[in-house]
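Secondary and tertiary structure notes
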Amino acid sequence: MWNNFLGKIGRTGLIDVSRYGLYSKYCLRYASSKVNVCRLTNRKIISLSGHDSYKFIQGLITNDVRCLYLKSSSDSHREFPQDCLFAFVLYPNGRVMADTLIYDFEKTSETDSENVDEEVSSKSQGSLYIECDDRICERLIKYFKSYKLRKNVSFDVDNAHDVWSLFSTDSTESFTSNASSRHEDLMISNDPRLRGHWRILAKRTVSMENLRKTLESKLGLTVDEVSQDDYILHRYRLGIGEGFDDHPDAKCLPLECNVDFLNGINFQKGCYIGQELTARTYHTGVIRKRLAPIRLINSNIQDVHHILDKDFFSTTNDKKLGKIRSIHHSHGLGLTYIENLSDEGPIRAYIKSNNGENLELDVFKPKWWPNNKSQ
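A few points on the structure. All of these numbers come straight from a predicted model, not from anything done at the bench.

Let's shift gears to the side chain of T336. Along the chain, the position of T336 falls in strand β15 (residues 331-337). Residue T336 is classed as buried on the basis of its relative accessible area of 1%. Of note is the side chain of T336, whose polar atom sits 2.9 Å from the backbone oxygen of G334. Filtering out sequence-adjacent residues up to four positions away, T336 remains in contact with R288, K289, R290, A292, F312, L321, G322, L341 and V363.

Right, let's talk about empty space enclosed by the protein for a bit. Evaluated as defined, the whole model comprises 5 cavities of 30 Å³ or more. Estimates place the volume of the second largest cavity at around 70 Å³. Along the walls of the second largest cavity sit S165, D191, R193, L194, H197, R199, Y231, R235, L238 and I240, which together make up its complete lining. Considering each element in turn, the lining of the second largest cavity owes the most residues, 3 residues, to helix α7 (residues 228-238). Residue composition of the lining of the second largest cavity, by class: 4 nonpolar, 2 polar and 4 charged.

Bringing unusual backbone geometry into the picture now. Residue A250 is not a glycine yet carries a positive backbone phi of 65°. A residue is classified by how much of its surface remains accessible, and A250, at 35% relative accessible area, is partly exposed.

Another aspect to go through is the side chain of D99. Mapped onto the secondary structure, D99 falls in strand β4 (residues 96-104). Note on D99: relative accessible area 3%, which makes it buried. A distance of 2.9 Å separates a polar atom in the side chain of D99 from the backbone nitrogen of G243. Among the polar contacts made by the side chain of D99, one reaches the side chain of H247 at a distance of 2.8 Å. Ignoring anything within four residues of it in the chain, the contact list for D99 reads R43, F86, A87, F88, E131, C132, E242, G243 and H247.

Here the focus is the nonpolar core. L201, F312 and L361 are the most contacted members of the largest nonpolar core, which totals 54 residues. With sequence-adjacent residues up to four places away left out, L361 is seen in contact with I294, R295, L296, I297, F312, I324, I347, R348, A349, Y350 and I351.

With the rule as written, the count across this model stands at 10 aromatic pairs. Both rings, one in F267 and one in Y282, keep their centres 3.8 Å apart while their planes meet at 20°; by these two values the pair is stacked. With F267 in the loop between α7 and α8 (275-284) and Y282 in helix α8, this pair connects stretches of sequence that are 15 residues apart. In this structure F267 comes out as buried when scored by relative accessible area, which is 14%. Looking at Y282, the relative accessible area reads 15%, which means it is buried. Taken together, F56, F144 and F155 form an aromatic cluster joined through their ring pairs.

What follows deals with the pattern of salt bridges. Applying the stated criterion across every chain yields a total of 24 salt bridges. The salt bridge involving D191 is made with R193; its shortest N-O contact spans 2.6 Å. Accessibility classification places D191 together with R193 in one group, the buried group. The partner of R193 in a salt bridge is E242, with the nearest N and O atoms 2.8 Å apart. With R193 in the loop between β9 (186-190) and β10 (197-203) and E242 in the loop between α7 and α8, this pair connects stretches of sequence that are 49 residues apart. Comparing R193 with E242 shows no difference in burial state: the two are buried.

Rules of the game
- Residues numbered from 1 in each chain as written.
- Predicted model: local features only at pLDDT ≥ 70, side-chain atom pairs only at ≥ 80, totals over all residues.
- Heavy atoms only, no water.
- Helix = DSSP H or I, 4+ residues; strand = E, 2+ residues; numbered from the N terminus.
- Buried < 20%, exposed > 50% of the residue type's maximum accessible area, 1.4 Å probe, protein only.
- Polar contact = N/O pair within 3.5 Å; in protein donor to acceptor, adjacent residues only side chain to side chain.
- Contact = heavy atoms within 4.5 Å.
- 1 Å grid on protein atoms, 1.4 Å probe; cavity = no way out; pocket = protein on both sides within 12 Å on 5 of 7 lines; lining within 4 Å.
- Points joined across faces, edges and corners; volume = space filled by probe spheres on them.
- Nonpolar A, V, L, I, M, F, W, Y, C, P; charged D, E, K, R; others polar.
- Core = buried A, V, L, I, M, F, W, Y, C linked by side-chain atoms within 4.5 Å.
- Phe/Tyr/Trp six-rings, centres within 6.5 Å; stacked < 30°, edge-to-face > 60°.
- Salt bridge = Lys/Arg side-chain N within 4 Å of Asp/Glu carboxyl O.

Okay, structure coming up:
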C-alpha cells in the first residue's frame, strides 16, 4: 500500500522533480559555494501546537502534511521526510486565502509506515510553524479558529523567529551535499518550490554576522547579504509569486498561481477546504491563465503601481494577453493566457496608459515550467 501511495504521489500529486527541475532532500552545497541571504521582514510565523495539529492542518492545506514525517527509500525522486512544505490555504469556493510554507522545527522522529491513512490521526510531535505574509497573519489565525471545533490545537503568532531566504541567482550551478541542516538557533530547509532556494528559520537573537559564520563554518558557504528589494526582483524574474501582493486574498485560484508547478499540491491526499473546484479544474485540464514573469521595457518610470490590474495586449495583433498582477520597479507578474506564451522567447505587449501613451513590456514563459503549460 505504501509503495502504491508513493507511486501515485510521484505521478500526479507531488511534482516529478527530475522533469520539473526540482530536487531531492540532499542538495545544499553549490560548486561555487556562494549564495545570497536576505531577512524577510514581511513574513510572519504562526505556531501551531497540540495533539491534533497535524490532523487539523491536513484538512486546510492543498499539500500533504505527511511529507513532513514519512520517509521511504522506494521513491527515486525525493526523500521523505521534508523539513519544509509549500501549500495554499483556500476558501470553500476554491479561491486562495494565503500561500504558506510549513515547517516541523522540532522534529523528533521519522516514520516508516504502510498504514498511511492512520498516520495523520496518530501523529503528535512538536510544533508546526506556518510562514505567511504578515498582512494576512491575523486573518489566517481567525480562519483557523473557525475550523477548530473540539480539536486539541492552539494557534499563536511566533515572535521568536525570523525568516530568511537563501538563494543563488545562478540556476546552472550543481548541488553536491545535504540540503537540510539544523543548528542550535536555526534551521535551514530546502524551499520546496524551486531548486537553488532555501529557507532559514532563526531565533531573533541570531544576527547577520552569526548567521554568516554558521553558514561558512558548518556548510562552507560564502554569503552576501542582499536587500528585500533584491529578493523580490529575483522572484519576479523567475516568475515566483509570494504573499499578499502576488496572491491577493479571495481573488485568485491556486492553479493560476502555479501551485502544481511549485510542488504545492497533492491530488491524492483526500479532502481539504476548497479541494472540489481545484481538483475538478486540474483533471479537466481547463487552466487558461497562469502567473508569468513580465518586464517593463521603459524602466525609467517613477511610479509603476498605476498599471496594477491593467490589461496588456499583443503588439502584433492587439489580442489581450493578460492582466498585471504585481510590479516592483521594472519586473513583476502578470496573469497571462498560457496559449500565448512561447518557448522561443518573450512576447512583446503593451499597456494602454491613462495619458494615451502605450507602455511596452515583455512577457516570459518561465524555463522551469514543464513543456505542457496547462498540465
